[in-house]
Amino acid sequence: MRALLFPRTLMASAALAALMGAPRHTLGAQAITLPNQGAASPRLPKTPATTPPSGTTTGYWQQRADYQIVAQLDEARGLVKAQGALRYTNASPDTLRELWLHQHLNAFRPGSRWSADDEAKGKERFQRLNDPDHAFERFTAAPRVNGQPLRFSYPLAPDSTVVRVELRQPLPPGQQLEVQLSWEARPSTVLRRQGRRGRHFDFAQWFPKVAVYDRHGWKPNAFVAQGELYGEFGTFDVTFVLPADQVIASTGVPVSGDPGWERVRLPGSAAPDYARRAYGLAGLPRAPRAPALKGYRTVRFVARDVHHFGWSVSPDYRYEGGQWIRPRNGRPGWDTVALHVLHERWSPGRTLGDARHALTWLESLYGPYAWPQLTIAERLESSGTEFPMLVMDGEEDRSLVVHEVGHQFTYGLLANNEWQSAWMDEGFTTYQELWSRGEARVPLAAQRAARQWHDVVTIPDSAVRRRVRAVEAFTATIEEATRLTGAPPLGLRSDLFASKEDYDAMVYDRAAAMYSALHDVLGEERFRVFLRTYYGRWSFRHVDRWAMQRTAESVTGTRLGWFFDQWIDSTGTIDYVLERPTVVRAGDDSVANRPKQWVVTVQLQRRGAYRHPMPVGVRTASGWTVVRAEPLPDRQTVRIVLPEPPMDVWLDPFGTVESRTTASSRFVLF
Ligand SMILES: [Zn+2]
């Protein structure tokens, strides 16, 4: 346990501390250990966390969390005052006696684990921020069930990102309870995903978010810099009370009231498509009572089947809207996605075009985007973060849009536990981003093979040559990172990576290399079937490594444990060498109609830790013939029969495999 670096001054009394969301040292909190935490929790999960033994969705369950909230922005105090109800449905087979909540904004303040990590790593962000610059999220009244206050505590004190709430009555399987919540949430002036500057507020986190309860129990991890997102699906029904001139970007559909878009619509932009048709307004619950304040207006957003809810406001937002019309057989399609872009400084039209580009590309991989709207909002911090239906980006950039909109699928709809398996969402969206730019090995190698362009230097198309060089450089970087002493495996729990840099190198780049290798193992057609099957089977659900692996196995009809085990649980590189090629001329010249044959045999030896079905190519006057070796043997003989004399034998002549060493295995035969 880390020392308390910056004691708080707010704790006038235990009771006040409880109300203020600060830690209570008096509730026997020391006796409570967090579930699924610490040394007892596996560094690498060996059994499924969410996937049932069937390996499919048969027997799968997840909890449900429906929120109804009224949130008033108090700009003078830099915070939102909110009250609402969490209706929690226990769909598990277990009786629950407690709830675990997150108050994520408490990471961005002195005393948090995030701040302690920063301090240990010599990074200055939140640990010395004073009031009113640091963030907080605190209850203004104890959580209640049927009007009865519940006991709650902060077992990780002084960190207050995790709250344990004791239930007065156990919650049996199949039952619901409703928790009344009142709280205040303030972003920090130092930006990290969330933040505020002037009248611009980015609310990435802001509500008491119930931790996930899955097959392995509660997952209430402290919020640190690596791995944040894991939530329960449900409906968010949020009524905002905003200063009259504020403009909002949000998760969800604005079912009533004015989000402010029409007033700040850029010339030439289409009128906003509010997409109110999406939720059949008659089926909505009654709107909660919101205070009617002078100079304020209300707008109500509803989002169904989401596991988080983000929003941003700025009076300087300009609005551009449109629709993405899903093409069907090349003609205008059967439904649309409303698009909203809110920005202060961006070029008109650019990000809207990027959003259309991203949806076209991503739907070609997965299938239909499953929510009624997509919003891209300019945030204060650079780079980007994803929330369901909402992307917050710091700059205009097509690749950034493709990356973050990609998260709508891997994170938003295929909802992995990012704290445990960030390689699933970050790795895949990084890979699809490279792929969308033409910088993925497998499709690039297919282009080279179709044109017989094996030698990078002599590839006549400069664009292809440039892409090949980008791919080679990417592989070189990853192999370098992997060779570094102590490079951790991809599957390591996020908080156990030594640094954010290590975490990024592994769960983004190295995981992208893993997906490239999977693309190659499955082949183009089956990889695409795998993506569509995985999305079709598992969207709106929690996914883990087994959901992915079993889907890939069901598509290929083969066991793929060897592939996922090596990439996720261990480190290594793909490194094979070809040895001792021989050529035997077969056939008989003296017998009429007996075709001549040349048989090339060559030894293939594994040198790296990873196994892979390596391509071996032989060139004749007509071009290259490529065969695949078996993935599992350490040493094997590869035999290739040809109708004409072989000239060269190369390992992986078109550069399909994530390996730099193949270039050393080249032989001239004639
Ligand atoms: Zn990402």
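These numbers were taken from a predicted model, which means no experiment stands behind them.

1. Some remarks on helix α5 (residues 418–436)
Taking 1.5 Å as the rise per residue, α5 with 19 residues should run 27 Å; its terminal C-alpha atoms sit only 23 Å apart, a clear shortfall. Along α5, the sharpest change in direction is near 25° and occurs at glycine 427. Counting buried positions along α5 gives 18 out of 19 residues, so the element sits mostly inside the fold. A distance of 3.0 Å separates the backbone nitrogen of tryptophan 419 from a side-chain oxygen at the start of α5, and that oxygen is part of asparagine 417. Backbone geometry just after α5 places glycine 438 at a positive phi near 80°.

2. Description of unusual backbone geometry
Cis geometry marks the peptide bond from aspartate 131 to proline 132; its omega dihedral reads 5°. Following the sequence through the fold, proline 132 ends up in the loop between α2 (113–120) and β4 (136–145). With an omega dihedral of 10°, the bond running from alanine 157 to proline 158 counts as a cis peptide bond. By the secondary structure assignment, proline 158 is in the loop between β6 (152–153) and β7 (162–171). Within the chain, methionine 389 stands out as a residue other than glycine whose phi angle is a positive 70°. Residue position: methionine 389 is located in the loop between β22 (384–387) and β23 (390–393). Owing to a relative accessible area of 0%, methionine 389 belongs among the buried residues under this scheme. The residue aspartate 652 is not glycine, and still its phi comes out positive at about 50°.

3. Comments concerning the pattern of salt bridges
One pass over the structure, following the stated rule, counts 44 salt bridges. Aspartate 237 is the salt-bridge partner of arginine 300, the closest N and O atoms lying 2.7 Å from each other. Highlighted residues: arginine 300 in strand β17 (residues 296–306) and aspartate 237 in strand β14 (residues 234–243), separated in sequence by 63 residues. Judged by its relative accessible area of 7%, arginine 300 is buried. A residue is classified by how much of its surface remains accessible, and aspartate 237, at 2% relative accessible area, is buried. Among the ionic pairs, glutamate 439 bridges to arginine 437, the shortest N-O distance being 3.3 Å. Under the relative-accessibility criterion, glutamate 439 is labelled partly exposed at 23%. Among the ionic contacts, a cluster of salt bridges with common partners joins Glu98, Arg151, Arg164 and Glu166.

4. Brief notes about the nonpolar core
If you look at the biggest cluster of nonpolar residues, it comprises 170 residues, and the most contacted ones within it are Trp206, Phe240, Phe309, Trp311 and Phe530. Leaving out residues up to four positions away in the same chain, phenylalanine 309 has contacts with Ala204, Trp206, Phe207, Phe236, Val238, Phe240, Ser250, Thr251, Phe301 and Ala303. If you look at the next biggest cluster of nonpolar residues, it comprises 7 residues, including Trp453, Val456, Val464 and Val468.

5. Looking at the packing of aromatic side chains
This structure, assessed with the given rule, holds 51 aromatic pairs. Taken together, a centroid distance of 6.3 Å and an interplanar angle of 35° make the contact between tryptophan 206 and phenylalanine 240 tilted. Residue tryptophan 206 is found in the loop between β10 (200–203) and β11 (209–210), and its partner phenylalanine 240 is found in strand β14; the two are separated by 34 residues along the sequence. The residues tryptophan 206 and phenylalanine 240 share a single accessibility class, namely buried. Plain terms: the ring middles of phenylalanine 409 and tyrosine 535 are 5.3 Å apart, the flat faces sit at 55° to each other, and that makes the pair tilted. Highlighted residues: phenylalanine 409 in helix α4 (residues 398–409) and tyrosine 535 in helix α9 (residues 524–538), separated in sequence by 126 residues. You can call phenylalanine 409 buried: its relative accessible area is 0%. Assessed through its relative accessible area of 5%, tyrosine 535 is described here as buried. Sitting over the face of the ring of tryptophan 546, arginine 545 holds its NZ or CZ atom 5.1 Å from the ring centroid.

6. Focus: the environment of tryptophan 183
Here tryptophan 183 lies in strand β8 (residues 176–186). Among the polar contacts made by the side chain of tryptophan 183, one reaches the main-chain carbonyl oxygen of tryptophan 206 at a distance of 2.7 Å.

7. Quick look at the sheet that holds strand β18 (residues 311–314)
Backbone hydrogen bonds hold the strands of a sheet together, and the pairing may be parallel or antiparallel. Ordered by their spatial adjacency, 4 strands build an open sheet running β9-β10-β18-β15, and the pairing between neighbours is antiparallel. Each edge of the sheet is formed by a strand with only one pairing partner; in this case those strands are β9 (195–197) and β15 (247–250). When strand polarity is set aside, the average angle formed by the axes of neighbouring strands in this sheet is 5°. Strand direction decides the pairing type here: β9 and β10, joined by 3 bridges, are antiparallel. Within the sheet, the bridge partner assigned to arginine 197 lies in β10 and is histidine 200.

8. Here's the deal with the coordination of the zinc ion
Protein coordination of the zinc ion is provided by His403 (NE2), His407 (NE2) and Glu426 (OE), with donor distances spanning 2.0 to 2.1 Å. All donor residues of the zinc ion come from one chain, and their arrangement in sequence is H-x3-H-x18-E. Of this pair, histidine 407 sits in helix α4 while glutamate 426 sits in helix α5; the two residues are 19 residues apart in sequence, bridging distant segments of the chain. For the residue pair histidine 407 and glutamate 426, the accessibility class agrees, reading buried in each case.

Cut-offs applied
Residues numbered from 1 in each chain as written. Predicted model: local features only at pLDDT ≥ 70, side-chain atom pairs only at ≥ 80, totals over all residues. Heavy atoms only, no water. Helix = DSSP H or I, 4+ residues; strand = E, 2+ residues; numbered from the N terminus. Expected span 1.5 Å × (residues − 1). Bend = angle between axes of the 7 residues up to and from the residue. Buried < 20%, exposed > 50% of the residue type's maximum accessible area, 1.4 Å probe, protein only. Polar contact = N/O pair within 3.5 Å; in protein donor to acceptor, adjacent residues only side chain to side chain. Salt bridge = Lys/Arg side-chain N within 4 Å of Asp/Glu carboxyl O. Core = buried A, V, L, I, M, F, W, Y, C linked by side-chain atoms within 4.5 Å. Contact = heavy atoms within 4.5 Å. Phe/Tyr/Trp six-rings, centres within 6.5 Å; stacked < 30°, edge-to-face > 60°. Lys NZ or Arg CZ within 6 Å of the ring centre and 35° of its normal. Pairing = 2+ DSSP bridges. Axes fitted to C-alpha atoms, helices over the stretch in contact; angles between N-to-C directions. Donors = N, O, S within 2.8 Å, 3.2 Å for Na, K, Ca; no water.

Interpretation note: all reported values are geometric properties and have no functional meaning in isolation.
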